[in-house]
Amino acid sequence: MNTSSSANTMVWLVRREFWENRAIWMLPAVIGGLLILAALFGTYQVLGAADLATVQAVVQAGAVDGMLMIVILFFIVMSIYSTWYLLDCLYADRKDRSILFWKSLPITDTATVLCKLGVALIVIPCIYFAIADATTLLVSFIVSVRASTYVGGSLWHASNWIGIQGLWLYLIVTSAVWYLPLAGWLLVVSAWAKRAVMLWSILPPVAVILAERLLIGTHVLASELGERLGGYFAQAFQYTPGDANWVVTGIPDHGSITTPVSVLRFVNLEGFFSSPETWIGAVVGVALIAAAVQLRIRRTET
Amino acid sequence: MTTLIEARDLTKKYGKHTALDRASFNVEPGRIVGLIGPNGAGKTSALRAILGLTTYEGRLSVLGHEPFRERAALMHDACFIADVAVLPSWLMVDQAIDFVAGVHPRFRRDRATALLAKTNVTGKRRMHELSKGMKTQVHLALTMAIDAQLLVLDEPTLGLDILARRAFYDALVNDYMDETRTILITTHQVEEIENLLTDVLFIEKGRIVLDSSLEEIATRYAAVAVTADRLDAARAERPFYERRMLGKVILYFENPDHQKLAEFGELHTPTVSDLFVAKLSGAAQ
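Residues numbered from 1 in each chain as written. Chains lettered and ligands numbered in written order. Predicted model: local features only at pLDDT ≥ 70, side-chain atom pairs only at ≥ 80, totals over all residues.

**Student:** How do you make sense of the overall build of chain B when you look at a structure like this?
**Tutor:** Scanning chain B from terminus to terminus reveals eleven helices and 13 strands. Summarising its shape, the C-alpha atoms of chain B cover approximately 65 × 40 × 35 Å along the three principal directions. When each of the 285 residues of chain B is scored for burial, the buried share is 42%. The contacts in chain B between residues at least 6 apart in sequence include a share of 68% that link residues at least 24 apart. (Helix = DSSP H or I, 4+ residues; strand = E, 2+ residues; numbered from the N terminus. Buried ≥ 20, exposed ≤ 12 C-beta atoms within 10 Å, placed from the backbone. Contact = placed C-beta atoms within 7 Å.)

What follows is the structure, encoded as structure tokens:
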């Protein structure tokens, strides 16, 4: 197959994933829609009886926090959805036996697996990014209009917006690299399990952890897995409370509010990409993905 | 033209069970070959191996490809409908056509739409909304619109009523088949396809027990209906199978002496289904 026809096949494979999994865009669209509805019809409540100047100061200082909240909400939902997607993507067509239709077409199993991986790690995050951005834009606009007295132009600082775009790109790239071994493992289970993919994704690691603890008395795997699953933010970001990355805004009669100078200050680009853990994980991930391809070639039945 | 499928000592084992036991056969271009055998004889294993869906031992070449290693390349020139294959429930008919047109260089959209126009299926329907027969028609339209050198059909008309089955086989022979194509087909309804076959492969317990063209069958096998009074004399000619019918006994002979056998009654060439029953039951008698 030449390059142009395999690129063309990839486009069709991705389109296919959208046909099959409409939740790829419907789920973030619904969340965005709910946030916009809340902004449109919700009641805003700010600091009870505080005076106008105080409220303005809080909104001014906390605008970036609000934008971050939206990023975090979308990122969490995306992580859960992508996990489910990876677990299901090589299992669903074995379960309904349509795999034999897909395998009757001139598409390599490598292309199929890599396409699904790419959808999970690149396409889905980009869609969440776009919808989260659109949501933030609309919510900011609605809030600025509905509460113009308090909010004024404080939601429209260019630096905040650029920071959020940068943060999304950084999140997409680093989480894809960091979670590559997890994605590979989910693909292996999805390509292999005869049923109960969820159970099979959890049981073997738990069994090995227990065996290690009972037989050898150590817990290397448990701590490695814990580090991988929970260690992403510690690896990709750095922050120390109270240092120069934070701005403390004093608010008369209400103490103060602490906000980040810029969200990009916490990005640990160099640290992340120079860490051996990042690359060891990536190598394990690539090996697991290769295993998933081999399983996909061999397994046509559930 | 060169041989299309060449299998030598094709063997497939599932644990201790041997599904294919050193099966050897050739399929030549331009033929319609029926792979016929009882349940569990190894038909599906053979087709799976030919289509690159499973590993195997022995040597197998399909259109010059080694199927298991080169399935995607093979599917440029071969297509198949497997018995259990179903189109995914979420897929729309139009999407199915778009997708195959997008990824298959040999797919002819006009032919697929022309074939579908003859059915009651419309483009916006999803597969889960269609009856089993309609789904099969969509699948057949998609597959027959591919300009493939080899078409493999595993129980293609399962779930279709007799009108749709007849229409399918008519279309296969009249619209689809030409000298550039080869069809390998399995079905339980042997009677329905025996008129269109040019060759048969009988398979039993993973072994090929008969590999023959229909012309060869006519010279190699004969059946004769014998009345009871001549039965012992006819039996002396060593039939390999006999079957009682309406007071007569039909005797089946391999490599018959036509002149001699004609003395016992009228000779005829057994149908594929009769020969199949005779061959397989004869071995047991």
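**Student:** I keep staring at the interface of chain B and chain A and nothing clicks. Help me out?
**Tutor:** A common way to report how large an interface is uses the accessible area buried once the components associate. Listed as interface residues are 23 residues of chain B and, on the opposing side, 20 residues of chain A. Elements represented by at least two residues in the side of chain B that touches chain A include exactly α2 (71-74), β5 (78-81) and α3 (93-103) of chain B. In terms of residue class, the side of chain B that touches chain A is built from 16 nonpolar, six polar and one charged. (Nonpolar A, V, L, I, M, F, W, Y, C, P; charged D, E, K, R; others polar.)

**Student:** I'm lost on the packing of helix α3 (residues 52-89) of chain A against helix α9 (residues 180-192) of chain A in this one. Help?
**Tutor:** The packing of two helices is summarised by the inter-axis angle and the distance between the axes. All names here are of chain A. The contact between α3 and α9 brings their axes to 6 Å, and the two run at 35°. Between α3, through Thr83, Leu86, Leu87, Asp88 and Cys89, and α9, the contact on the second element is made entirely by Ala183, Leu186, Leu187, Val189 and Ser190. Within the contact of α3 with α9, the residues separate by chemical class into seven nonpolar, two polar and one charged. (Axes fitted to C-alpha atoms, helices over the stretch in contact; angles between N-to-C directions.)

**Student:** I tried to follow the nonpolar core on my own but got confused; where do I start?
**Tutor:** Taken as a class, soluble globular proteins show a tendency for nonpolar side chains to be buried jointly. Counting 92 residues, the largest nonpolar core has Ala46, Ala78, Ala96, Val138, Ala141, Val152 and Leu251 of chain B as the members making the most contacts within it. Each of domain 1 (5-205) and domain 2 (216-284) of chain B contributes no fewer than three residues to this core. When near neighbours in sequence (up to four residues on either side) are disregarded, Ala46 of chain B contacts Leu10, Leu20, Ala23, Leu35 and Ile203 of chain B. Among the nonpolar cores identified, the runner-up in size contains 48 residues, and Met67, Tyr128, Ala193 and Ile297 of chain A belong to it. (Core = buried A, V, L, I, M, F, W, Y, C linked by C-beta atoms within 7 Å. Domains from an automatic or database assignment.)

**Student:** Even after reading the chapter, I still don't get the packing of helix α10 (residues 197-216) of chain A against helix α11 (residues 220-230) of chain A, so can you show me in this structure?
**Tutor:** All names here are of chain A. Look at α10 against α11: their axes get within 8 Å of each other, and the N-to-C directions meet at 140°. Taken together, the axes of α10 and α11 are oblique relative to one another. Packed against α10, whose contacting residues are Pro205, Val208, Ile209 and Glu212, the element α11 presents Val220, Leu221, Ala222 and Leu225 at the interface. Split by residue class, the contact of α10 with α11 holds seven nonpolar, no polar and one charged. (Parallel < 35°, antiparallel > 145°, perpendicular 65-115°, else oblique.)

**Student:** Help me understand the pairing of strand β10 (residues 221-226) of chain B, please; the structure alone is not making it clear to me.
**Tutor:** For a regular strand, the rule is simple: side chains alternate between the two faces of the sheet. All names here are of chain B. Most of β10 is tucked away, with five of its six residues classed as buried. With six bridges connecting them, β10 and strand β12 (residues 248-254) associate as antiparallel partners. Paired with Ala225 across the two strands is Ile250, which belongs to β12. Of the strand pairs in this sheet, β10 and strand β13 (residues 267-268) are connected by two bridges, and their pairing is antiparallel. Bridging across to β13, Val224 finds its partner in Leu267. (Pairing = 2+ DSSP bridges.)

**Student:** Whenever I open this one, the environment of Leu53 of chain B confuses me. Can you help?
**Tutor:** All names here are of chain B. You can see Leu53 is positioned in the loop between α1 (43-50) and β4 (57-62). For Leu53, a count of 24 C-beta atoms within 10 Å puts it in the buried group. Along the primary structure Leu53 and Arg71 are separated by 18 residues, whereas in three dimensions their C-alpha atoms are 7.5 Å apart.

**Student:** It is not clear to me how the sheet that holds β4 of chain B should be interpreted in this structure. Could you clarify?
**Tutor:** Residues and elements named next belong to chain B. The antiparallel open sheet is built from three strands, whose spatial order is β2-β1-β4. Edge positions in the open sheet fall to β2 (17-27) and β4, since each of these has one partner strand only. Between one strand and the next, the sheet's axes are offset by a mean angle of 25°, whatever the strand orientation. Helix-sheet contacts for α1 involve β1 (5-14), β2 and β4, and the interaxial angle to β1 is about 120°.

**Student:** Hey, could you run me through the domain arrangement of chain B in this one?
**Tutor:** All names here are of chain B. One can read the domain layout of chain B as domain 1 (5-205) and domain 2 (216-284). Put simply, the middle of domain 1 and the middle of domain 2, counted by C-alpha atoms, are 34 Å apart. Across the contact, nine residues belong to domain 1 and six residues belong to domain 2. Of all the secondary-structure elements, those providing two or more residues to the side of domain 1 that touches domain 2 are α7 (190-193) and β8 (199-204).

**Student:** What exactly am I supposed to notice about the sheet that holds strand β11 (residues 241-245) of chain B here?
**Tutor:** Through backbone hydrogen bonds, the strands of a sheet pair up, either in parallel or in antiparallel fashion. The four strands are arranged β11-β12-β10-β13 (chain B) in an open sheet whose pairing can be described as antiparallel. Unpaired on one side and paired on the other, β11 and β13 of chain B mark the two borders of the sheet.

**Student:** I keep staring at unusual backbone geometry and nothing clicks. Help me out?
**Tutor:** Leave glycine aside and you will find that most residues have negative phi; peptide bonds, for their part, are mostly trans. At Ala196 of chain A, a position not held by glycine, the phi torsion is positive, near 50°. Secondary-structure assignment places Ala196 of chain A in the loop between α9 and α10. What makes Ala196 of chain A exposed here is the crowd of 12 C-beta atoms within 10 Å. A positive phi angle is found at Leu246 of chain B, which is not glycine, with a value near 50°. Structurally, Leu246 of chain B can be placed in the loop between β11 and β12. On the basis of neighbour counts, which here come to 7 C-beta atoms within 10 Å, the residue Leu246 of chain B falls in the exposed class.

**Student:** Even after reading the chapter, I still don't get the environment of Ile70 of chain A, so can you show me in this structure?
**Tutor:** All names here are of chain A. Looking at where Ile70 falls in the secondary structure, it is placed in helix α3. For Ile70, a count of 19 C-beta atoms within 10 Å gives the class partly exposed. Counting along the chain gives 24 residues from Ile70 to Arg94, while the straight-line C-alpha distance between them is 37 Å. Discounting residues that sit within four places of it in the chain, Ile70 has contacts with Leu35, Ala132, Thr135 and Thr136.

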